[in-house]
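Secondary and tertiary structure notes
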Amino acid sequence: MATKNLPANAVDRVQVLKNFNEVAPVRGLDTDESLALNIQLKDGKKRMVFGDLTAGGGPKERYLGHANAFYYSPKLNLNLIADANNVGELPFTLQDYFRFSGGLEGLGRRTGSSISLSGEDMGIPMAQRNNAASLETALGAFNFNFHPSSKWRHSGFIIGSSSENKLGSNSQRTYLRDDENNQEILTSASTVENSSGLMKYSATYTPREETYVKYSVFGKTSDIQNRNIMDSDFGTFRQQLDNIQTRKPYSIQQKGEWYHAPSEKRVFSMEVNWEKKYQDPLYDLTTNQKPFVNLLPIMDQEQYRFLQQQEVHSRTLEGAFNYYQILNATNHVNLSLGYSDTRQDMISSLSQVASSDNYPEFENDNRFGIQDLYLGLTYKTKWKDFILSPSLFTHRYAWQDKQFEDLMEKDKILFLPGMYAKWAIKSNKSLTYRYQATANFMDVQQLAEGYIIQDYNSIFTGNRLLENGFYSNHTLNYSHYDFFSSMTVYGSLNWQRKRNDMVTTTDFRGINRFLTVLNIEPVNETMNGNINLDKKFNTFKISGGGRWNAFTTNNLINDVVNQNKQFSQTYEAKATTTFFKK
């Protein structure tokens, strides 16, 4: 955020660092292609304070306020940002969320392992000014970087935000079933209130060039309430519904890293990652009609109100050791040994207000654990303008699923290959290919067989017989940066194939939907690509690009395989000028 607000007259030179890695012992050994900016300030601008303030008001009590304040010195950088408005300006976008909330990278994904822990609560407003009746947001953010000496660096940020969104919709739905009640007219009015916080702190210690030590902690929390008042009309069956969903999730993650190069030919590293997540969704459903007919034995009443409570605790502990042996100036091998242990507890229940009825079908008391022990070998070589780096990881997985007193245990061994290849066409032009085989595993919520109400007319149950999916990911990137001709070209193509994919299936029972998850045999595929071009001519700049997305997905509806195919394309062009600026 700070680099976007630097005064132009304070910048002396901007240096683009390609394939940047702040960890000195492994520079040139990994396949990271991150870019970094080294911004050098002019003499006399080494210590400065600057900022800006925006305020506005309008009819219907509209307001807008935004403030930035920045302090720069050789050892300390401070940034403070505040924003509040009710005109639909999002000070914290979805893109910003993923950039900041990415937190600390897990160790398993580098080796081809993936465990999809469902129920991630963002706690930020998803509405836009073009689809919300009203949207009020407030944000406060603080970021710092402190270098007390050449050996120590401290950095971190704190972000707090709150929002209140009001939305409404009228829709006509057609359900893919054969009976006469397949048309629904749905009117809804919803209010979403949330408060959220993100924080991160990192301390880096580099006593000498060949040693690097880092500790990081990342946390996030939310307080979310979503109230939705609906009118559902199937023609022969009409419901007035009021459902409220509340949750207060949080997560905290800590990571330690150590890298050491005792000689020019050897590098050692160790990483430890610990993470804890908590979710507590509460679903409060009130309706004037008996819900889930033929699914629940409910006594007749004037009004029906149900409370569904859930708690999910997730804990992950990971450790990895890496040894790099540098054979010569163009070849090295990397031996990896690691272990991951993920454990989850889930309890849930359903109760009816003003009724003593019990619903044991909606009870869950589950324990799930999965362990991954892996050994990997990566080789990297350079020949002329080409770099090749194949890898192979051997994983031994074991998982346990305990539901009440019933325990199921499984294990398997998988070999997951990977490939990195790069052609440096010129110093400023390159073509990069990446391939990674990934084993995608389920979590406790996909296994739990007790019923879970997901919506006013849908119930979900898990599947204990699930197996992991197997994904193949191919990525091709092209980049061309020519600072002399002021032209930039970037393009990418991604192709993903999902075999034995876990998909949600639907079984219609009257006007209700019964959902579960299965491994499906047909392959699901996704392909997307994009290209962007920028060219500057003195005071003019033109830019353009395009994006293409295509996917094929398969699922089951009433035990029949249903295939969906979609292709979308977007093109854009823009011209800007500084001709009128003095």
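Residue positions are counted from 1 within each chain, in the order its sequence is given. pLDDT decides what is reported in this predicted model: residues at 70 or higher carry local features, side-chain atom pairs at 80 or more are listed and counted, and totals for whole chains, interfaces and linings draw on all residues regardless. Calculation of side-chain values draws on the structure's entire complement of heavy atoms; hydrogens and water are dropped beforehand.

1. Focus: the overall build of the protein
Numbering goes from the N terminus for both helices and strands, where a helix is a DSSP run of H or I of at least four residues and a strand is a run of E of at least two. From N to C terminus, the protein includes two helices and 29 strands. Partly exposed describes any residue whose relative accessible area lies between the buried limit of under 20% and the exposed limit of over 50%, with all areas from a 1.4 Å probe on protein chains only and scaled to the type maximum. Counting across all 582 residues of the protein, residues that qualify as buried make up 42%. If you take every contact in the protein between residues at least 6 apart in sequence, the share linking residues at least 24 apart comes to 65%. Here the protein displays about 31300 Å² of accessible surface, and carbon together with sulfur accounts for 55% of that area. Contacts are assigned to residue pairs that have any heavy atoms within 4.5 Å of one another. To be clear on the numbers: accessible area is Shrake-Rupley with a 1.4 Å probe, and residue cover counts the displayed protein chains and nothing else.

2. Structural notes on the environment of Thr-552
Note on placement: Thr-552 falls in strand β28 (residues 540–557). Those residues in contact with Thr-552 that lie beyond four places of it in its chain are Val-523, Asn-524, Glu-525, Gln-563, Asn-564 and Lys-565.

3. Brief notes about the nonpolar core
Think of a nonpolar core as a cluster: buried Ala, Val, Leu, Ile, Met, Phe, Trp, Tyr and Cys residues, connected wherever their side-chain atoms sit within 4.5 Å. If you look at the biggest cluster of nonpolar residues, it comprises 24 residues, and the most contacted ones within it are Phe-292, Leu-296, Leu-350, Tyr-359, Phe-362 and Tyr-456. Only β14 (282–287) and β15 (304–328) provide two or more residues apiece to this core. Beyond its immediate sequence surroundings of up to four residues, Leu-296 is in contact with Leu-350, Tyr-359 and Phe-362. One finds Ile-370, Leu-414, Ala-437 and Met-442 within the second-largest nonpolar core, a separate group that totals 23 residues.

4. Quick notes on the packing of aromatic side chains
Only Phe, Tyr and Trp rings are paired, with Trp represented by its six-membered ring, and only when their centres lie within 6.5 Å; those with planes under 30 degrees apart are stacked, over 60 edge-to-face, the remainder tilted. Counted under the stated rule, the structure contains 17 aromatic pairs. With centroids separated by 5.1 Å and ring planes inclined at 20 degrees, the aromatic side chains of Phe-50 and Phe-70 adopt a geometry described as stacked. Here Phe-50, found in strand β3 (residues 48–58), pairs with Phe-70, found in strand β4 (residues 62–72); they are 20 residues apart in sequence, far enough to count as distant. Over the face of the ring belonging to Phe-537 we find Lys-535, whose NZ or CZ atom lies 5.3 Å from the ring centre. We count a charge as sitting over a ring when the NZ of a lysine or the CZ of an arginine lies within 6 Å of the ring centre and within 35 degrees of the ring normal.

5. Some words on the pairing of strand β16 (residues 331–352)
Strands qualify as paired when DSSP identifies two bridges or more between them. Sheet topology places β15 next to β16; 22 bridges connect them, and they run antiparallel. Note that in β16 the partner of Val-312 across the bridge is Met-346. Hairpin connection between β15 and β16: a loop of two residues separates the two successive antiparallel strands. Pairing analysis gives 18 bridges linking β16 to strand β17 (residues 364–383), with the strands arranged antiparallel. Paired with Tyr-339 across the strands is Leu-373, a residue of β17.

6. Some points on the confidence of the model for the protein
Per-residue confidence for the protein gives a mean pLDDT of 86, with 86% of residues at or over 70. Predictor confidence is given residue by residue as pLDDT, running from a minimum of 0 to a maximum of 100. Element-level mean pLDDT values for the protein span from 58 in helix α1 (residues 94–101) up to 96 in strand β18 (residues 386–403).

7. Here's the deal with unusual backbone geometry
If a residue is not glycine, its phi is most likely negative; likewise, a peptide bond is most likely trans. You will see that Lys-384, though not glycine, has its phi angle at about 55 degrees, which is positive. You can see Lys-384 is positioned in the loop between β17 and β18. What makes Lys-384 exposed here is its relative accessible area of 63%. Residues other than glycine seldom take positive phi values, yet Asn-500 does so here, at roughly 55 degrees. By the secondary structure assignment, Asn-500 is in the loop between β24 (487–499) and β25 (501–509).

8. Considerations on the side chain of Asp-341
Along the chain, Asp-341 turns up in strand β16. At 3.2 Å, the side chain of Asp-341 forms a polar contact with the side chain of Arg-343. Dropping the residues within four chain positions of it, Asp-341 is found in contact with Arg-315, Thr-316, Leu-317, Ile-370 and Gln-371. Any pair of nitrogen or oxygen atoms within 3.5 Å is treated as a polar contact; in protein, a donor-acceptor pairing is required on top of that, and neighbouring residues in sequence qualify only through side-chain atoms on both sides.

9. Some thoughts on the side chain of Ser-430
As for its placement among the helices and strands, Ser-430 is situated in strand β20 (residues 429–441). Ser-430 gets classed as buried once you look at its relative accessible area, which sits at 11%.

10. What to know about a nonpolar patch on the surface
Side chains of Val-213, Trp-258, Met-270, Phe-321, Leu-335, Leu-337, Tyr-339, Leu-373, Leu-375 and Leu-377 sit close together on the surface and give an oily, nonpolar patch of about 880 Å² of accessible area. Taken together, the elements giving at least two residues each to the nonpolar patch come down to β16 and β17. Examined against the element boundaries, Leu-373 turns out to sit in strand β17. Nonpolar side chains (Val, Leu, Ile, Met, Phe, Trp, Tyr) are joined into patches within 5 Å and like charges within 9 Å, using only residues with over 30% relative accessible area and no salt bridge. A pair is scored as a salt bridge if a Lys or Arg side-chain nitrogen falls within 4 Å of a carboxyl oxygen belonging to Asp or Glu.

11. Topic: the pairing of β17
Bridging between β17 and β18 involves 16 bridges; their strand directions are antiparallel. Bridging from a neighbouring strand, Phe-368 pairs with Asp-401 of β18. If you look at the hairpin formed by β17 and β18, you'll find two residues sitting between the two strands, and Lys-384 has a positive phi there, around 55 degrees.

12. What about the pattern of salt bridges?
Enumeration over the complete set of coordinates arrives at 17 salt bridges. A salt bridge links Glu-210 to Arg-208, with the shortest nitrogen-to-oxygen separation between them at 3.3 Å. Judged by relative accessible area, which is 30%, Glu-210 ranks as partly exposed. With a shortest N-O distance of 2.8 Å, Arg-464 and Asp-401 are connected by a salt bridge. You can see Arg-464 sitting in the loop between β22 (458–460) and β23 (469–482) and its partner Asp-401 sitting in strand β18, a full 63 residues away along the chain. Residue Arg-464 shares its accessibility class with Asp-401, and that shared class is buried.

13. Quick notes on the environment of Asp-300
Relative to the helices and strands, Asp-300 is located in the loop between β14 and β15. Judged by its relative accessible area of 65%, Asp-300 is exposed. Separated by ten residues in the primary sequence, Asp-300 and Lys-290 have C-alpha atoms spaced 7.3 Å apart.

14. Section: the environment of Asp-443
Considering the arrangement of structural elements, one finds Asp-443 in the loop between β20 and α2 (444–447). When the C-alpha positions of Asp-443 and Leu-117 are compared, they lie 5.7 Å apart, and in sequence the two are 326 residues distant.

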